[in-house]
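Inside the fold
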Amino acid sequence: TSSEDWALTSEIISDLDIMTNGADSLEVEFGVEDEVHILYQGNRNDSTEIERLGLWYAHGEINQPNWAFKKVVGDEASLAEMVVIVEDDDEKIIAVWREGSLQNSEIVGIIADSSFRPLNGQEDRFVARGLRNINSIETERGVQIYFDTVGPNGPQIQYGLINFEEGWIGISNRLYSGQLHSSTKAPSSSETLILHTSTNGWQIRSLIDDEAQKDNDI
């Protein structure tokens, strides 16, 4: 409600080489205490000297300027989604993003530590041609992943689950025909609401996690 309610650190990552109108929104998550995790886009030309769009990861404390830790995690990458799970002062990062051109795109999923290193090799990629949208929803059983691709019969919405407790990535199952717009979890429920296009126009559908309901009944 006033300027005194806000803390401003004027520069945590400098020299961003990207046009502001061509960048995706930042993915920001809070971890242990004042630790902040960010996924962001920036141009890169390392190793190949070819200019391309990269996905970068950085972390640092809220009031710490010029974050020292940052690394590139994706090439020709966009549409990043990230969730940070804190358990007994340990952090797990669950993230997904798109890599490659629209015609040859892949969806990449990872369960990583706070340095964005895959835990026990838990990083997978799956063919997802025509991928335009990705949403992630945190649930009791893991992080649900919703995204759209182009299949033999046109646009279709896919579903996946990343289980950070047992350490596995399951992508993907086809849900509906159409293109994804957004998804959100219903409060105090195992139901996820999905807004998407279809042959009959816009639709809202729900996906109910039966396993979560069984756990709640016990």
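It should be noted that the structure appears before, not after, this text.
Report follows, based on the coordinates. (Residues numbered from 1 in each chain as written. Predicted model: local features only at pLDDT ≥ 70, side-chain atom pairs only at ≥ 80, totals over all residues. Heavy atoms only, no water.)

Comments concerning the sheet that holds strand E6 (residues 90–99)
The condition is simple: For two strands to pair, DSSP has to find at least two bridges joining them. Only DSSP runs of H or I covering at least 4 residues are called helices, and only runs of E covering at least 2 are called strands; the numbering of each starts at the N terminus. Interaxial angles span 0 to 180 degrees and are taken between N-to-C directions of axes, which are lines fitted to C-alpha atoms, for helices over the stretch in contact.
In spatial order, the strands read E5-E6-E7-E8; together these 4 strands make up an open sheet with antiparallel pairing. Two strands close off the open sheet at either side, each with one partner strand: strand E5 (77–87) and strand E8 (118–127). Direction aside, the axes of adjacent strands within the sheet are offset by 10° on average. For strand E7 (residues 106–112) and E8, the ladder comprises 6 bridges, and the chain directions are antiparallel.

Focus on the side chain of Ser 105
Quick note on the threshold: Side-chain atoms alone can form a polar contact between residues adjacent in sequence; in general such a contact is a pair of N or O atoms within 3.5 Å, and within protein one must be able to donate a hydrogen while the other accepts it.
Looking at the element boundaries, Ser 105 is found in the loop between E6 and E7. Among the polar contacts listed, one links the side chain of Ser 105 to the backbone nitrogen of Leu 131, at a separation of 3.4 Å.

Side note on a negative patch on the surface
This is how the line gets drawn: Patches draw on residues past 30% relative accessible area with no salt bridge. Two like charges within 9 Å are joined, as are two nonpolar side chains (Val, Leu, Ile, Met, Phe, Trp, Tyr) within 5 Å. To be clear on the numbers: accessible area is Shrake-Rupley with a 1.4 Å probe, and residue cover counts the displayed protein chains and nothing else. The working definition used for a salt bridge is a side-chain nitrogen of Lys or Arg within 4 Å of a carboxyl oxygen of Asp or Glu. Only four residue types enter the tally: Lys and Arg on the positive side, Asp and Glu on the negative side, with His and both chain ends excluded. For charged residues, the charge sits on one atom: NZ in Lys, CZ in Arg, CG in Asp, CD in Glu. Residue exposure (1.4 Å probe, protein chains only): buried if accessible area is under 20% of the type maximum, exposed if over 50%, otherwise partly exposed.
A grouping of Glu 33, Asp 34, Glu 61, Asp 88, Asp 89 and Asp 90 is seen on the molecular surface, where their side chains present a negatively charged patch. Of note, Asp 89 is situated in the loop between E5 and E6. Asp 89 sits in the exposed class, given a relative accessible area of 62%.

Overview of the nonpolar core
We count it as follows: The definition of a nonpolar core used throughout is a set of buried Ala, Val, Leu, Ile, Met, Phe, Trp, Tyr and Cys residues joined through side-chain atoms within 4.5 Å.
With 16 residues, the main nonpolar core has Ile 94, Ile 107, Ile 134, Ile 145, Phe 147 and Ile 162 as its most contacted residues. Only E5, E6, E7, strand E10 (142–151) and strand E12 (168–177) provide two or more residues apiece to this core. Counting residues per element, this core draws most heavily on E10, at 3 residues. Among the nonpolar cores identified, the runner-up in size contains 15 residues, and Leu 55, Tyr 57, Val 73 and Ile 110 belong to it.

Considering the pattern of salt bridges
Following the criterion strictly, the structure yields 5 salt bridges and no others. The residue Arg 125 makes a salt bridge to Glu 106 at a minimum N-O spacing of 2.9 Å. A residue pair is termed long-range when its members are at least 10 positions apart, and Arg 125 in strand E8 and Glu 106 in strand E7 qualify at 19 residues. Classification of Glu 106 by relative accessible area gives partly exposed; the value is 25%.

Here's the deal with unusual backbone geometry
Residues other than glycine predominantly adopt negative phi, and peptide bonds predominantly adopt the trans conformation. Backbone geometry places Glu 33, a non-glycine residue, at a positive phi of 50°. Among the structural elements, Glu 33 can be located in the loop between strand E1 (27–30) and strand E2 (35–44). For Glu 33, a relative accessible area of 74% gives the class exposed. Notably, Leu 79 is not glycine yet its phi reads approximately 60°, a positive angle. Here Leu 79 shows up in strand E5.

Digging into the sheet that holds strand E9 (residues 134–139)
The 4 strands lie next to each other as E9-E10-E11-E12, forming an open sheet whose pairing is antiparallel. Every other strand in the sheet has two partners, leaving E9 and E12 as the edge strands with one partner each. The average undirected angle you get between the axes of adjacent strands in this sheet is 25°. Inspection of the sheet shows E10 paired to strand E11 (residues 154–163) by 9 bridges, in the antiparallel sense. Residue pairing across strands places Gly 151 opposite Gly 154, the latter belonging to E11.

Examining the environment of Val 72
Defined as follows: Contact definition: two residues touch when any of their heavy atoms are within 4.5 Å.
Here Val 72 is to be found in strand E4 (residues 69–75). The class of Val 72 is partly exposed, set by a relative accessible area of 29%. With 107 residues separating them along the chain, Val 72 and Gln 179 place their C-alpha atoms 29 Å apart. Ignoring anything within four residues of it in the chain, the contact list for Val 72 reads Arg 44, Leu 55 and Trp 56.

Honestly, that's just the spatial picture; any functional story needs more than this.
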